Amino acid sequence: MPGHLEDKVAIVTGAGRGIGRATAALLAREGADVACVARTESELAEAAADVRAAGLIAARAQAALGDVDIVVNNAATVTPVGPTAAVDPDQWARAFAVNVVSPMRLTRAVLDGMIKRGWGRIVNVSSGIAAAPGSMVGMNAYAASKAALEAHTLNLAAELAGTGVTVNILRPGMVDTAMPAWIRAQPPAQIGAALHDRFITMRDSGLMAPPTRPASMIVNLLAGQATGQVADAGHRT
């Protein structure tokens, strides 16, 4: 139903490529005014040192477009990757800052207005690794932070039940984006041969979906009434 998000204002993080970019395009097609937030991986790492930037993003979007109705927290970092004994604890903590704290701060910046207006939509993009943390050895920070993001999401959904604000999770499945490409490009000796081989196999299987597939699932969640849902594309990422 083209146009069913007419006049809604949306913020999409990680919108420069992949799932975020496809989601922003679909939202615009559905009539929403979209603020696209994009950072490179290195910029994400720098931003993690000051996650208060999320509040500034919301303020700028509201100043330019009006009250924010929709938030898609898609931006994430997969680093650090490799054996835990070799991981810098500060980098591990940075993964939580980017993958958990920043989404919470952005949500918090717009939540009061959503509640007062009686309508809001929040989708947090997670990963299948949250359901099976032991499935990808070498991605401890990513697994732990995505599990934490899901716990935050489902708890917030329960808190907001009946307010008109829905909060849901999207696990995108195996998607052909820059993140798996980056993992494939890392030295097997550094990240672990099993992890490296797994992502090579994913690519060679021909089963990796285009970003438009999870983007469509996100828009469906935004258009619906359900809350506290985990929409899973059916493949672990």
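In case you missed it, the structure is sitting above this.
First, a word on what this report is: a plain description of the structure on this page. Owing to the predicted nature of the structure, the values given are computational and were not obtained by experimental measurement.

A closer look at helix 1 (residues 18-29)
Its twelve residues give helix 1 an end-to-end C-alpha distance of 17 Å, which sits within 8% of 16 Å, the value for a rise of 1.5 Å per residue. Packing partners of the buried residues in helix 1 comprise strand 1 (9-13), strand 2 (33-37), strand 3 (70-73) and helix 9 (212-223). Gly31, located one to two residues past helix 1, shows a positive phi value of around 100 degrees.

Overview of empty space enclosed by the protein
Across all of its chains, the model carries one cavity of 30 Å³ or more by this definition. Within this model, the largest cavity holds a volume of roughly 40 Å³. Taken together, Pro80, Gly82, Thr84, Val87, Trp92, Gly138, Met139, Asn140 and Ala141 make up the full set of residues lining the largest cavity. Grouping the amino acids of the lining of the largest cavity by side-chain chemistry returns five nonpolar, four polar and no charged.

Things to note about the pairing of strand 3
Side chains of strand 3 alternate between two faces, with Ile70 and Val72 and Val71 and Asn73 buried alike. Looking at chain direction, strand 1 and strand 3 are connected through three bridges and run parallel. When the bridges of strand 3 are listed, Ala10 appears paired with Ile70. Judged from the four bridges that link them, strand 3 and strand 4 (residues 120-125) form a sheet pairing that is parallel. Paired with Asn73 across the two strands is Asn124, which belongs to strand 4. Taking the sense of rotation as the criterion, the β-α-β connection linking strand 3, helix 4 (residues 89-117) and strand 4 turns out right-handed.

Re the nonpolar core
Counting residues in each nonpolar core, the largest one holds 22 residues, and the members touching the most others are Leu27, Val72, Ile218 and Leu222. Elements represented by at least two residues in this core include exactly strand 1, helix 1, strand 3, strand 4 and helix 9. With residues near it in sequence (within four places) discarded, Leu27 still touches Leu5, Ala10, Val12, Ala32, Val34, Val219 and Leu222. Ala35, Ala58, Leu111 and Leu160 belong to the second-largest nonpolar core, a separate cluster that totals 19 residues.

A short note on helix 5 (residues 140-159)
Counted at 1.5 Å a residue, the expected span for helix 5 with its 20 residues is 28 Å, and the 29 Å between its end C-alpha atoms agrees. Every buried residue of helix 5 is listed here: Ala141, Tyr142, Ala143, Ser145, Lys146, Leu149, Glu150, Thr153, Leu156 and Ala157. Buried residues belonging to helix 5 abut helix 4, strand 4, strand 5 (165-171) and helix 6 (178-185).

Description of unusual backbone geometry
With the exception of glycine, most residues fall at negative phi, and the peptide bonds are largely trans. For the bond from Thr79 to Pro80, the omega torsion is 0 degrees, close enough to zero to count as cis. Position of Pro80 among the secondary structure elements: in the loop between strand 3 and helix 4. We note that Asp7 has phi near 70 degrees; this positive angle belongs to a residue other than glycine. Checked against the element boundaries, Asp7 lands in the segment before strand 1.

Cut-offs and rules
Residues numbered from 1 in each chain as written. Predicted model: local features only at pLDDT ≥ 70, side-chain atom pairs only at ≥ 80, totals over all residues. Heavy atoms only, no water. Helix = DSSP H or I, 4+ residues; strand = E, 2+ residues; numbered from the N terminus. Expected span 1.5 Å × (residues − 1). Contact = heavy atoms within 4.5 Å. 1 Å grid on protein atoms, 1.4 Å probe; cavity = no way out; pocket = protein on both sides within 12 Å on 5 of 7 lines; lining within 4 Å. Points joined across faces, edges and corners; volume = space filled by probe spheres on them. Nonpolar A, V, L, I, M, F, W, Y, C, P; charged D, E, K, R; others polar. Buried < 20%, exposed > 50% of the residue type's maximum accessible area, 1.4 Å probe, protein only. Pairing = 2+ DSSP bridges. Right-handed = clockwise from strand over helix to strand, strands pointing away. Core = buried A, V, L, I, M, F, W, Y, C linked by side-chain atoms within 4.5 Å.

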